[in-house]
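Summary of structural features
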Amino acid sequence: MTHGRAEIGRLLERHGLAPRRARGQNCVADANTVRRIARLAGTGPGDRVVEGGPGLGSLTLALAETGAEILAIEVDEGLVAALHEVLDGGANVEVLRADAMDYDWSQLQARSGSWQLVANLPYNIATPLVADVLDRAPWVSHLLVMVQREVADRLVAAPRTGAYGAVSVKVAYWAEARIGGDVPATVFVPRPNVES
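What you see is a predicted model, and the numbers here were worked out from it, not measured in a lab.

As for the pattern of salt bridges
The tally for this structure, following the rule as stated, stands at twelve salt bridges. In this structure, Arg136 and Asp132 form a salt bridge, with 2.6 Å as the shortest nitrogen-oxygen distance. Placement of both Arg136 and Asp132 in helix α6 (residues 126-136) is noted, with a separation of four residues, approximately one turn of the helix. With a closest N to O distance of 2.6 Å, Lys170 and Asp135 form a salt bridge. Taken together, the residues Lys170 in helix α8 (residues 166-174) and Asp135 in helix α6 connect sequence positions 35 residues apart.

Here you go:
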């Protein structure tokens, strides 16, 4: 089960929350979108997934359906409380109240095994978080992140193109990158002014 627009509204109201633009909070309100992300990530039983900025858990629920072990890192205390309600003690999901931007990625290595980062990243942290994970967490073997279209273009840009820059070089140094698909602004609450 994942969230639709009405359920997101009820969760926000019940917990006295409102998405904060300053934190880039936009909740996915479309089951097909989050299930597509989980399918593209290829997660399944035995896989370990870290999700930065799970918000109200739309993607978390889709990832949990695959049977993967999920570590959801959320900085917003109100959203953490809502996540606990949404996940209702799901055995394969751990919610950690922490800031993904300050997270010590070596803690994943201490948990053993290879990890994937799968996330609908808050737009204001997407580029620095991806760069940080690439630089400091080699045990994260795969990243599938939903970001605003402009950021995605920079992450995958080839030399001598308009979007090419420092982050393009970093991504190309550590990984092979491609755009997995487009996501319209209409699937988010609140609706952002950009495509993803």
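Concerning α6
Buried within α6 are the following residues: Ala126, Leu129, Val130, Ala131, Asp132, Val133 and Leu134. Close packing links the buried residues of α6 with β5 (115-120), β6 (140-146), α7 (149-156) and α8.

Describing the packing of helix α2 (residues 31-41) against helix α3 (residues 58-65)
When two helices pack together, their arrangement is captured by the angle between the axes and the distance separating the axes. Between α2 and α3, the least distance of the axes is 9 Å, while the angle of their chain directions is 50°. Classed by the angle they form, the pair α2 and α3 counts as oblique. The handedness of the crossing between α2 and α3 is right-handed. When α2 is examined against α3, the residues Val34, Arg35, Ile37 and Ala38 are found in contact with a partner set consisting of Ser58, Leu59, Ala62, Leu63 and Glu65. Split by residue class, the contact of α2 with α3 holds six nonpolar, one polar and two charged.

What to know about the packing of aromatic side chains
This structure, assessed with the given rule, holds two aromatic pairs. An angle of 80° between the planes, with centres 5.0 Å apart, marks the rings of Tyr103 and Trp105 as edge-to-face. Judged by relative accessible area, which is 4%, Tyr103 ranks as buried. Relative to Trp174, the ring of Tyr173 has its centre 4.9 Å away and its plane inclined at 85°; by these criteria the two rings are edge-to-face. For Trp174, a relative accessible area of 44% gives the class partly exposed.

Section: the nonpolar core
Ranked by size, the top nonpolar core spans 35 residues in total, and within it Ile8, Leu56, Leu63, Leu87, Val118 and Phe188 carry the most contacts. Within the residue set of this core, elements represented by two or more residues are α1 (5-14), β1 (27-28), α2, α3, α4 (77-87), β4 (93-97), β6 and β7 (188-189). Ranked by residue count, the leading element in this core is α4, at six residues. The residues contacting Val118, other than those within four sequence positions of it, are Ile37, Ala41, Val49, Val50, Glu51, Gly52, Leu59, Leu63 and Leu144. Counting 27 residues, the second largest nonpolar core, distinct from the first, contains Val50, Ala119, Ala137 and Val151.

Conventions and cut-offs
- Residues numbered from 1 in each chain as written.
- Predicted model: local features only at pLDDT ≥ 70, side-chain atom pairs only at ≥ 80, totals over all residues.
- Heavy atoms only, no water.
- Salt bridge = Lys/Arg side-chain N within 4 Å of Asp/Glu carboxyl O.
- Helix = DSSP H or I, 4+ residues; strand = E, 2+ residues; numbered from the N terminus.
- Buried < 20%, exposed > 50% of the residue type's maximum accessible area, 1.4 Å probe, protein only.
- Contact = heavy atoms within 4.5 Å.
- Axes fitted to C-alpha atoms, helices over the stretch in contact; angles between N-to-C directions.
- Parallel < 35°, antiparallel > 145°, perpendicular 65-115°, else oblique.
- Left-handed = near helix turned anticlockwise from the far one by under 90°.
- Nonpolar A, V, L, I, M, F, W, Y, C, P; charged D, E, K, R; others polar.
- Phe/Tyr/Trp six-rings, centres within 6.5 Å; stacked < 30°, edge-to-face > 60°.
- Core = buried A, V, L, I, M, F, W, Y, C linked by side-chain atoms within 4.5 Å.

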